[in-house]
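What follows is each chain in one-letter form.
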Amino acid sequence: FGDIFRNNATKTGLVPVVVEPEVGEALLRAVQADPALEVTVDVERREVSAPAVGIRASFPMDDFTRYRLMEGLDDIGLTLRHADAIAAYEARRPAWLPTMSGS
């Protein structure tokens, strides 16, 4: 995956998993043989698996992306974690500065 796609995907809750080519090929073959095969992507363990066919592999994911996905946080959610600090700033913000409403 390209960096831009990977970044945008994780921001929308999609987990782009990168595994060794032989693992990816084994997963494709297994799903072609059984389209109902259950494949699990475990973000907490950073692991993809298809237990019914004995496939298990780890995948790279940085800690911050893992945290965001585990907590269900998008960019707005990340910002809202600081709602109290934002409100405190806005309460002491000089009156001459424009607000979001344009006044």
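Read on for a plain summary of the structure. The model shown is predicted, which means the values in this text are computed figures rather than measured ones.

**A closer look at the pairing of strand S3 (residues 55–58)**
On a regular strand, one side chain projects to one face of the sheet and the next to the other, so that they alternate.
For step 1, the next point in the chain: The alternating pattern of S3 places Ile55 and Ala57 on a buried face, while none of Arg56 and Ser58, on the opposite face, is buried.
For step 2, the next point in the chain: The pairing of strand S2 (residues 47–50) with S3 spans 4 bridges and is classified as antiparallel. Residue pairing for S3: alanine 50 is matched across the bridge by isoleucine 55.

**Here's the deal with the environment of asparagine 7**
For step 1, the next point in the chain: Its place among the elements puts asparagine 7 in helix H1 (residues 3–11).
For step 2, the next point in the chain: Of the residues examined, asparagine 7 reaches a relative accessible area of 37% and is grouped as partly exposed.
For step 3, the next point in the chain: Sequence separation between asparagine 7 and phenylalanine 59 is 52 residues, and the spatial gap between their C-alpha atoms is 16 Å.

**Observations regarding the pattern of salt bridges**
For step 1, the next point in the chain: Enumeration over the complete set of coordinates arrives at 6 salt bridges.
For step 2, the next point in the chain: A salt bridge links aspartate 42 to arginine 45, with the nearest nitrogen and oxygen atoms 2.9 Å apart.
For step 3, the next point in the chain: By relative accessible area, which is 18% here, aspartate 42 ends up buried.
For step 4, the next point in the chain: Across the salt bridge formed by arginine 56 and glutamate 47, the nearest N and O atoms sit 2.6 Å from each other.
For step 5, the next point in the chain: Using a relative accessible area of 18% as the deciding quantity, one classes glutamate 47 as buried.

What counts, and where the lines are drawn
Here the residue numbers are simple positions, counted from 1 along each chain's written sequence. Two thresholds apply to this predicted model, a pLDDT of at least 70 for residue-level local features and 80 or more for giving and counting side-chain atom pairs, whereas whole-chain, interface and lining totals are computed over all residues. Hydrogens are left out, water is left out, and the side-chain values use all remaining heavy atoms of the structure. Each residue is assigned to one of three classes by its accessible area relative to the maximum for its type, calculated with a 1.4 Å probe on protein chains only: buried under 20%, partly exposed between the two thresholds, exposed over 50%. In DSSP terms, a helix is any run of H or I states spanning at least four residues, a strand is any run of E spanning at least two, and both are numbered starting from the N terminus. Two strands make a pair as long as DSSP finds a minimum of two bridges between them. The rule for a salt bridge is simple: a side-chain nitrogen of Lys or Arg has to be within 4 Å of a carboxyl oxygen of Asp or Glu.

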